[in-house]
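# Remarks on the overall topology
Now for the letters of each chain:
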Amino acid sequence: MSIELELRLEGEDANEDSLEDLIDWLERANIDGLEVKRKESPHMKGAMGGLADPATIITVVSTVVALADIVINVSGWRKNKAVKIDPILTNPAEALQENEARIKDLLAEMKGKAHRNK
């Protein structure tokens, strides 16, 4: 089982540099089973290849414990940034079967910490 979580950055510091900084932060956290990738935007007329969404990353983890580690690390990174982070579970049918209540609590905690740290 894998849990896909989309993190979208919004706010005055939501730019390419802050997104890369968050990606680096998560990779340095050494969370077991964490895979971080940029979300691909759809092809646009005249564009060559897929373009990465400048404000969204997808994190893929294999356990709820790893999801909790993401909450802790994102809130730690977020303390010094004027950025709102909106976490969205992108594969709820698969991931919610076993741990629905715990995952919802973690997402609520992440959203709450992002709003409190503004």
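Because the structure is predicted, anything quoted here is derived from the model rather than measured.

This part covers the environment of Leu-89. Mapped onto the elements of the fold, Leu-89 is located in strand E4 (residues 84–89). Relative accessible area serves as the criterion here: at 13%, Leu-89 is assigned to the buried category. On a C-alpha basis, the gap between Leu-89 and Ile-3 in space is 7.5 Å, while along the polypeptide they are 86 residues apart.

As a further point, take the nonpolar core. Of all hydrophobic cores here, the largest spans 28 residues; its most connected members are Leu-7, Leu-22, Leu-26, Ile-57, Ile-70 and Val-74. Of all the secondary-structure elements, those providing two or more residues to this core are strand E1 (3–10), helix H1 (16–28), strand E3 (51–61), helix H2 (64–78), E4 and helix H3 (92–116). Looking at this core, the element that brings in the most residues is H2, giving eight residues. If sequence neighbours within four positions are ignored, Leu-22 has contacts with Leu-7, Leu-9, Ile-57, Val-74 and Trp-77.

We now examine the pattern of salt bridges. For side chains bearing opposite charge, pairing can occur when the charged atoms are close. Following the criterion strictly, the structure yields two salt bridges and no others. Across the salt bridge formed by Arg-38 and Glu-16, the nearest N and O atoms sit 3.0 Å from each other. Taken together, the residues span a long stretch of sequence, with Arg-38 in strand E2 (residues 35–41) and Glu-16 in helix H1 at a distance of 22 residues. Classification of Arg-38 as buried rests on a relative accessible area of 19%. Two residues, Arg-38 and Glu-20, come together in a salt bridge whose shortest N-O distance is 2.9 Å. With Arg-38 in strand E2 and Glu-20 in helix H1, this residue pair connects regions lying 18 residues apart in the sequence. Residue Glu-20 is classed as partly exposed on the basis of its relative accessible area of 30%. Linked through salt bridges whose partners overlap, the residues forming this network are Glu-16, Glu-20 and Arg-38.

An α-helical turn contains 3.6 residues, so a residue and the one three or four places further along point in the same direction. The terminal C-alpha atoms of H2, which comprises 15 residues, lie 21 Å apart, in line with the 21 Å expected from a rise of 1.5 Å per residue. Buried residues dominate H2, accounting for eleven of its 15 residues.

Caution applies to low-pLDDT parts of the model: their predicted coordinates are not meant to be read in detail. Here the protein averages 75 in pLDDT, and 75% of its residues register 70 or above. When pLDDT is averaged over each helix and strand of the protein, the minimum, 69, is found for E3 and the maximum, 87, for H1.

Attention now goes to unusual backbone geometry. We note that Asn-30 has phi near 55°; this positive angle belongs to a residue other than glycine. Tracing the chain through its elements places Asn-30 in the loop between H1 and E2.

Looking now at the packing of H1 against H2. Packing of H1 against H2 leaves a shortest axis separation of 10 Å and a crossing angle of 135°. Comparing the axis directions of H1 and H2 gives the class oblique. Between H1 and H2 lies a crossing whose hand is right-handed. Taking contact as the criterion, the partners of Ser-18, Asp-21, Leu-22, Trp-25 and Leu-26 in H1 are, on H2, Ile-70, Asn-73, Val-74, Gly-76 and Trp-77. The residue makeup of the contact of H1 with H2, split by class, is six nonpolar, three polar and one charged.

The rules behind the values
Residues numbered from 1 in each chain as written. Predicted model: local features only at pLDDT ≥ 70, side-chain atom pairs only at ≥ 80, totals over all residues. Heavy atoms only, no water. Helix = DSSP H or I, 4+ residues; strand = E, 2+ residues; numbered from the N terminus. Buried < 20%, exposed > 50% of the residue type's maximum accessible area, 1.4 Å probe, protein only. Core = buried A, V, L, I, M, F, W, Y, C linked by side-chain atoms within 4.5 Å. Contact = heavy atoms within 4.5 Å. Salt bridge = Lys/Arg side-chain N within 4 Å of Asp/Glu carboxyl O. Expected span 1.5 Å × (residues − 1). pLDDT = per-residue confidence, 0-100. Axes fitted to C-alpha atoms, helices over the stretch in contact; angles between N-to-C directions. Parallel < 35°, antiparallel > 145°, perpendicular 65-115°, else oblique. Left-handed = near helix turned anticlockwise from the far one by under 90°. Nonpolar A, V, L, I, M, F, W, Y, C, P; charged D, E, K, R; others polar.

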